[in-house]
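Observations on the three-dimensional arrangement
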Amino acid sequence: MTLFLVLWSVNTAQGYAFNQIVPDVRQPGSASGGSACPVPSHHLTSPAAIAFRWSTTLGTNPKTILTLDQTATGSLNEIEQVIRQSLGVWTSVSGTALTAASFAPLVRNSAANLCGSDGINSICFDQPDMAFTPGVLAFTRVITADQIGIQLGSGVPSTQVGQILDADIYFNPSDSLVSFSTPAALAPSPKSYDLESILTHELGHALGFSHSAIWSAMMFPFAPAPGTFTGMRPTAQQPDAPLGDDDRTGLRVLYHDPADTQFVGSIQGRILPANPLSLPASPPGVSGVFGAHVVAIDAASGSVIAGTLGGWSCQAPGPAQFDGTYEIGALAVNHSYKIYAEPLNGAVGPSEVSNALTSLCRNPTTDPGWPPLQSCVVPQPNLEFTTATRPSP
Amino acid sequence: MSYKDRRRFLWVLFLVGLALIAVVAQATTLVRLRFQDLVHYSYSIARVRCIHAESRVENGEIWTDTSFHVLSHNKGYLPEEIVVRQPGGKFQHLHSHVEGAPEFRPGEEVYLFLSGQPGRQFLIVGWAQGTLRIHPNLRSGGETVTQDSSETPVFDPASKSFTKTGVKNLSIDIFEQRLHREISRETE
């Protein structure tokens, strides 16, 4: 086992574990931005820029969405209330540009097969999809473009690289053993899954999040067992109650509010090997630990504030440099934080971990004609290390 | 409290702890499948080597079809070469991403728990849960198996420590024994 050192300092930076996309620099700079630095997938936050519709077609035999109100109208209203509440969880976080005003009014649609790559964000409860296998409850397809001006279906052409053009949420309609309950119906149906928890998690994907490895985060891939729910229920006083601090921090990084003055701190550092010879020889240019999970904890409260997968940095015109850098941004100022670092322990390859790591590079092998100077290859994550923390001068 | 009562109390505490662990071990996108469930739901279980992956558009969605050479199969019949379909991929300037769908590199060897029938694309049961990567063990000279869903260490705010679950760095011999045992149990 090799000993690695974590250097850290307070700085201003950004970065998190999001669904990343490398702009297509083979295109003119006006379309690609000219930089091969990865860009996180995101929506525009201008008024009514994000529209969601949901399919009112529900599985009936067996019933997959359970509500307390058994009337047809009452049942739909109860489900819609859950959707509104789940959206509200994400739009109520302070210090972000993503607000309720960013969303167009929620729309109902009776079409059964509403989800599809048509440029309209949709939520489907009874649409079969080949991707469902035993054990798959729900998933979200997120479509982004690697250049400006791409149009999908009836959506408007993209104006930013990494802009999400379509995000569709599918709930498994075909497993007779699986059902989902609204919060009101959960107690009488303890074998069903909490619709609100799962929908809030999937909406996180629809907003550009990858999974988080923080236990208390909404984006943690493992949710509560049937009959229970994640975190706390949203309330009028705290509509974002189901989220963990890690989710809130991520949202503030992804949808940065330039007017915010509270969450403007960040911790940046590098994880470096005590013995540089322990770095991988291939691909060339790796100068720090790649793939480390880095967590910031509030020193006073002991709360986990945020975590990220570190190991790289990028400056225009790119490509990504694998220099061991990590950055945890959008932290509340005037707080002290402790940093923990841990390897993605086990013999894992870059294709096996989050998209936040696997999609950082493009090169002539993956994309014919890719300029060599803006090419890179994602290295294997470091497997075994222990850390010692050394504050920077 | 007598020694016997205290022991009984500690056992109850231990079992409650185990139950709590089971409660949190459920997936949002994925339902946690026990090893015997994975075996049960699989039409076939095989050790395969990735040949290549290709994204295509079908029924308006982007899919990635990955071809594998079948090295050996533990359950079900498989031809020499199979195609496994996963949601998501890259097509022209569009990138379709589905978090949790496994990706494969050419040359990589894995155990796959597959649903579907020969003649069509197979699917991986439980996605990351039905994907077990094979790695050389440099110390022993043998091989180990790691389940995709067990990869990321999980940070527990309460204990301020990282934990891992699932099949992780298991010797391939032990894994094969366990697999054969489950398959035999199912066919009994």
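Nothing here was measured: the structure is a model prediction, and the numbers come from that model.

Helix and strand counts for chain B come out as three helices and 13 strands. Sorting the 188 residues of chain B into buried and exposed places 38% on the buried side. Put simply, 51% of the contacts in chain B that link residues at least 6 apart link residues at least 24 apart.

This next bit is on the overall build of chain A. A count of helical and extended segments in chain A gives six helices and 18 strands. Long-range contacts, defined as pairs at least 24 residues apart, comprise 72% of the intrachain contacts of chain A with a sequence gap of at least 6.

Here we come to the confidence of the model for chain B. Residue and element names in this part refer to chain B. Averaged over all residues, the pLDDT of chain B equals 80, while 76% of them reach at least 70. Considering only residues more than four positions removed or in separate chains, one finds that residues 9–28, a stretch of pLDDT under 50, has 24 contacts. For this predicted complex, the interface confidence score (ipTM) comes to 0.87, while the overall pTM stands at 0.86.

With 20 residues, helix α2 (residues 72–91) of chain A should reach 28 Å at 1.5 Å per residue; the first-to-last C-alpha distance of 29 Å fits that figure. Inspection of α2 of chain A places S75, E78, I79, V82, I83, S86, L87, V89 and W90 of chain A among the buried residues, and these make up the whole buried set.

Here we come to the sheet that holds strand β11 (residues 193–194) of chain A. Strand pairing in a sheet takes place through backbone hydrogen bonds and is either antiparallel or parallel in direction. Residue and element names in this part refer to chain A. Spatially, β5-β10-β11 is the arrangement adopted by the three strands of the open sheet, whose pairing is parallel. Each edge of the sheet is formed by a strand with only one pairing partner; in this case those strands are β5 (65–66) and β11. Here two bridges tie strand β10 (residues 180–181) to β11, and the two strands are oriented parallel to one another. Paired with S181 across the strands is D194, a residue of β11.

Turning next to the domain arrangement of chain A. Note: interface size is frequently given as the accessible area lost on complex formation between the parts. Residue and element names in this part refer to chain A. For chain A, the assigned domains are domain 1 (2–39 + 256–391) and domain 2 (43–242). Counting from both sides, the interface comprises 23 residues of domain 1 and, opposite them, 19 residues of domain 2. Looking at the side of domain 1 that touches domain 2 residue by residue, the class counts come to ten nonpolar, ten polar and three charged.

Residue and element names in this part refer to chain A. The topology assignment puts G204 in helix α4 (residues 195–206). Under the C-beta neighbour-count criterion, G204 is labelled buried, with 26 such atoms within 10 Å. Linking G204 and L87, residues 117 residues apart in sequence, is a C-alpha distance of 9.3 Å. Beyond its immediate stretch of four places on either side in the chain, G204 contacts F209, M218, M219 and D247.

Spatial strand order, β6(A)-β4(A)-β7(A)-β9(A)-β8(A)-β6(B)-β5(B): seven strands in an open sheet with mixed pairing. The outermost strands of the open sheet, each flanked by one partner alone, are β6 (107–109) of chain A together with β5 (89–91) of chain B. Here the average twist between neighbouring strands, direction ignored, is 15 degrees. This element, α4 of chain A, spans β7 (121–124), β8 (138–145) and β9 (164–171) of chain A of the sheet and lies at about 15 degrees to β8 of chain A.

Thresholds applied
- Residues numbered from 1 in each chain as written.
- Chains lettered and ligands numbered in written order.
- Predicted model: local features only at pLDDT ≥ 70, side-chain atom pairs only at ≥ 80, totals over all residues.
- Helix = DSSP H or I, 4+ residues; strand = E, 2+ residues; numbered from the N terminus.
- Buried ≥ 20, exposed ≤ 12 C-beta atoms within 10 Å, placed from the backbone.
- Contact = placed C-beta atoms within 7 Å.
- pLDDT = per-residue confidence, 0-100.
- Expected span 1.5 Å × (residues − 1).
- Pairing = 2+ DSSP bridges.
- Domains from an automatic or database assignment.
- Nonpolar A, V, L, I, M, F, W, Y, C, P; charged D, E, K, R; others polar.
- Axes fitted to C-alpha atoms, helices over the stretch in contact; angles between N-to-C directions.

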